[in-house]
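Here is how the chains run, residue by residue.
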Amino acid sequence: MSAAPHLTFDAAEVADLVSRLRDSYRVGRTRPKSWRDRQLANLLRMLRECETEFLDAMQADLGKCHYEGWIAEVQVLVKEAEHARKNLAAWMETEKAPTPLPLQPASSRVMKEPLGLVLIIGAWNYPLQLSLAPLIAAIAAGNAAIVKPSEVSQHTSEALARLLPRYLDTDAIAVVEGGVPETTALLEQRFDHIFYTGNGRVGRIVMGAAAKHLTPVTLELGGKSPCIVDRSCDLAVAARRVVWAKCFNAGQTCVAPDYVLIDRAIHGKFLEAVGHTIESFFGTNPKHSADFARIINERHFDRLLGLIEGENVLFGGDSDRDSRYIAPTVLDEPAPDSAVMSEEIFGPILPVIPYNSIDEAIGFINDRPKPLALYIYAEDDQLCDRVLERTSSGGACINDCMTHLAVPDLPFGGVGESGMGAYHGKEGFDTFTHKKAVFNKSRHLDLPVRYPPYDDRKVRWARRLI
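Attention in this report is confined to the structure presented alongside it.

Calculation rules
Each chain has its residues counted from 1, running along the sequence as written. Reporting of local features is limited, given that this is a predicted model, to residues whose pLDDT is at least 70; pairs of side-chain atoms are given and counted only at 80 or more, and all residues count toward the totals for whole chains, interfaces and linings. With hydrogens and water set aside, each side-chain value is computed from the structure's full complement of heavy atoms. Strands here are runs of E lasting at least two residues and helices are runs of H or I lasting at least four, both read from the DSSP assignment and numbered beginning at the N terminus. Under the convention used throughout, the expected extent of a helix is 1.5 Å for every residue step, that is, one less than its residue count. Each residue gets one of three labels from its accessible area relative to the maximum for its type: buried under 20%, exposed over 50%, partly exposed in between, using a 1.4 Å probe on protein chains only. Angular values range over 0 to 180 degrees, each being the angle between N-to-C directions of two axes fitted as lines to C-alpha atoms, with helices fitted over their stretch in contact. The labels follow the angle: roughly parallel below 35 degrees, roughly antiparallel above 145, roughly perpendicular from 65 to 115, and oblique for the rest. Crossings are classed by handedness, with left-handed meaning an anticlockwise turn of the near helix from the far one by less than a right angle and right-handed meaning a clockwise turn. Should any heavy atoms of two residues lie within 4.5 Å, those residues are counted as being in contact. Polarity classes work like this: nonpolar for Ala, Val, Leu, Ile, Met, Phe, Trp, Tyr, Cys and Pro, charged for Asp, Glu, Lys and Arg, and polar for all others, with Gly in that last group. At least two bridges found by DSSP between two strands are what make those strands a pair. Here a Phe, Tyr or Trp ring, Trp counted by its six-membered ring, pairs with any other such ring whose centre lies within 6.5 Å, and the pair is stacked when the planes are under 30 degrees apart, edge-to-face when over 60, and tilted otherwise. Only Lys NZ and Arg CZ are tested; either one counts as a charge over a ring when it is within 6 Å of the ring centre and within 35 degrees of the ring normal. Polar contact criterion, stated in full: a pair of N or O atoms within 3.5 Å, where within protein one must be able to donate a hydrogen and the other to accept it, and residues adjacent in sequence count only if both atoms are side-chain atoms. The working definition used for a salt bridge is a side-chain nitrogen of Lys or Arg within 4 Å of a carboxyl oxygen of Asp or Glu. In plain words, nonpolar cores are sets of buried Ala, Val, Leu, Ile, Met, Phe, Trp, Tyr and Cys residues tied together by side-chain atoms within 4.5 Å.

1. Notes on helix α5 (residues 129-140)
For α5, which comprises 12 residues, the first-to-last C-alpha distance of 16 Å matches the rise-based estimate of 16 Å (1.5 Å per residue) to within 8%. Counting buried positions along α5 yields 12 of 12 residues, so the element is predominantly enclosed. Of the residues trailing α5, Gly 142 is marked for its positive phi of about 90 degrees.

Here you go:
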């Protein structure tokens, strides 16, 4: 395999690249199990051998400490790739399907075939994981693929463009760097599937471009993921886990708890526990903590400060534009129609809103677009079941936040405004696979009842057989 560098591409070069990779797919290069397994093994080797380079790149992009980068990106990918290799043979296996008696003698089966050439557009907040996790699924399913990392996380994008070709088959897998022009050039091409992670505005652009070629899409978007904290919860555990999830990657996580709905009976106690937890995690001045990340760029920094402005700040609120630092910030009882309650926050800002009854909390959630995740902290199992049954979300956790992503056999994806389609584990394999129905009819016993002319006798026999 060659290791030619991947830089930005103009429209003509993108078209040539798409044509070359499609040709590799058409000659069957990516279909054998041996090819898929070898690419996954090489990807695992890359993650282990280049771990420090990737961690340094993510730290340069987001101020992300090595531990956060390792546990949420490198290790998630290692487990995902290992899981795919372990289950690859079973996932690829043709499935038998029952054949109705009137169609006998015959057999029915479902073949698993790759879709073809797929486009994966990654996101900047988890720039390694959100580029490579879909690629793992695409490889396992036997596809050729182009990966377009986010240009916003430029250090990680450069590392992917430099390192991926050293380990993977460059005749079938490529990286295209760049911004809007390169993404636009890619979207003008015909792909067999497009997998996009990001915001709804760009998701609509991707979907519109895909529609021109009738290309199926997976959209992993976001939204305002609510967190219900009931009076029956373990308050200390709830505070620790909510603060951890909200401050992880400085809140720049699509499934971070966007706001807390708190039982009014424990409103004050919860706020007090949150304040103590923030200090225990990051000290009296989180700016000096090596474990607290930074906002990706000045544009997002300014947007987040605008969300805090005019709100009742209980904790935090301080910032430094030069280092793109915003402290873990807790807002008490923002108005439901305020800016901070109207758009996805994507930062270390936690609005807290008390409720008087669980029905009020459920109604508050259902009045808004369906979120990517929903979290419930409660020891009351009936209450948890009630919330899950009466709300809709991409996924959910009980007494935790975000960790459902780490279960390979749980599908991860949104619903409604938070996205469409899912991946991780077999769900990812299925996303990039066409299930082809195959019916094999014996040439023997060719009953005349199926053929014209249809007289009364044939009709009577047909009614008895079917």
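2. Brief notes about the packing of helix α2 (residues 33-49) against helix α6 (residues 154-167)
In the contact formed by α2 and α6, the axes pass within 9 Å of each other and the chain directions differ by 135 degrees. When the interaxial angle is binned, α2 and α6 end up oblique. Where α2 crosses over α6, the handedness of that crossing is right-handed. Of the residues in α6, those in contact with Gln 39, Asn 42, Arg 45, Met 46 and Glu 49 of α2 are Leu 163, Leu 164 and Tyr 167. Per-class residue counts for the contact of α2 with α6 are four nonpolar, two polar and two charged.

3. Comments concerning the sheet that holds strand β4 (residues 144-148)
Across the sheet, which stays open at both edges, the six strands sit in the order β5-β4-β3-β6-β7-β18 with mixed pairing between neighbours. Of all the strands in the sheet, the pair left with one neighbour each is β5 (173-175) and β18 (419-420). Both strand β7 (residues 217-220) and β18 contribute to a ladder of two bridges, which runs antiparallel. Considered in β18, the bridge of Leu 219 is made with Met 420. The sheet strands contacting α5 are β3 (117-121), β4, β5 and β6 (193-197), and the helix crosses β3 at an angle near 165 degrees. Packed onto the sheet, helix α7 (residues 180-187) meets β3, β4 and β6 and runs at close to 155 degrees relative to β3.

4. Comments concerning the packing of aromatic side chains
This model, assessed by the stated rule, comprises 11 aromatic pairs. Taking 5.9 Å as the distance between ring centres and 90 degrees as the angle between the ring planes, the aromatic pair formed by Phe 281 and Phe 282 counts as edge-to-face. For the ring pair Phe 282 and Phe 292, a centre distance of 5.2 Å and an interplane angle of 65 degrees mean the geometry is edge-to-face. One end of the pair, Phe 282, is in helix α10 (residues 267-282); the other, Phe 292, is in the loop between α10 and α11 (298-308), with 10 residues separating them in the sequence. The exposure class of Phe 282 is buried, given its relative accessible area of 12%. You can call Phe 292 buried: its relative accessible area is 2%. Joined through ring pairs, the aromatic side chains of Phe 195, Phe 412, Tyr 423 and Phe 432 make up one cluster. Directly above the ring of Phe 364 sits Arg 368, whose terminal nitrogen or CZ lies 3.6 Å from the centroid.

5. Some words on unusual backbone geometry
Across the junction of Gln 104 and Pro 105, the peptide omega takes the value 0 degrees, indicating a cis bond. Along the chain, Pro 105 falls in the loop between β1 (95-97) and β2 (106-114). Following Pro 452, the chain continues into Pro 453 via a peptide bond in cis, with omega recorded as 0 degrees. Looking at the secondary structure, you find Pro 453 in the loop between β20 (433-441) and α15 (456-465).

6. Looking at the side chain of Asn 399
Here Asn 399 is to be found in the loop between β16 (395-398) and β17 (412-413). Only 3.0 Å separates the side chain of Asn 399 from the backbone nitrogen of Ala 378, close enough to count as a polar contact. With sequence-adjacent residues up to four places away left out, Asn 399 is seen in contact with Arg 241, Ile 376, Tyr 377, Ala 378 and Glu 379.

7. Points about the sheet that holds strand β14 (residues 349-355)
Read from one edge to the other, the open sheet built from seven strands follows the order β10-β13-β14-β9-β8-β15-β16, with strand pairing classed as mixed. Of all the strands in the sheet, the pair left with one neighbour each is β10 (313-315) and β16. The mean angle between the axes of side-by-side strands here comes to 25 degrees, regardless of whether they run parallel or antiparallel. Strand direction decides the pairing type here: strand β13 (residues 329-332) and β14, joined by four bridges, are parallel.

8. Structural notes on the environment of Ala 123
When you line up the elements, Ala 123 lands in the loop between β3 and α5. Under the relative-accessibility criterion, Ala 123 is labelled buried at 8%. Setting aside its immediate chain neighbours within four residues, Ala 123 contacts Leu 130, Ser 150, Ser 153 and Thr 197.

9. Points about the pattern of salt bridges
Enumeration according to the criterion identifies 26 salt bridges in this entry. A salt bridge links Lys 224 to Asp 258; the nearest nitrogen and oxygen atoms lie 2.3 Å apart. Remark: Asp 258 occurs in the loop between α9 (235-247) and β9 (259-263) and Lys 224 occurs in the loop between β7 and β8 (226-229); sequence separation between them is 34 residues. Assigned by exposure class, Lys 224 and Asp 258 land together as buried. Bridged by salt links that share partners, the residues Arg 20, Arg 29, Asp 169 and Asp 171 form one connected network.

10. Re the packing of α2 against α5
For the pair α2 and α5, interaxial distance at closest approach is 9 Å and the crossing angle is 155 degrees. With respect to α5, the element α2 is oriented roughly antiparallel. Contacts between α2 and α5 pair Trp 35, Arg 36, Gln 39, Leu 40, Leu 43, Met 46 and Leu 47 from the former with Leu 132, Leu 135, Ile 136, Ile 139 and Ala 140 from the latter.

11. Structural notes on the nonpolar core
Membership of the largest hydrophobic core comes to 145 residues, with the highest contact counts inside it found for Met 46, Leu 135, Ile 146 and Val 229. Take this core: its biggest share by element is nine residues, from α5. Leave out the neighbours within four places in its chain, and Met 46 touches Glu 51, Phe 54, Leu 132, Leu 163, Leu 164 and Tyr 167.

That is the geometry; function is a separate question.
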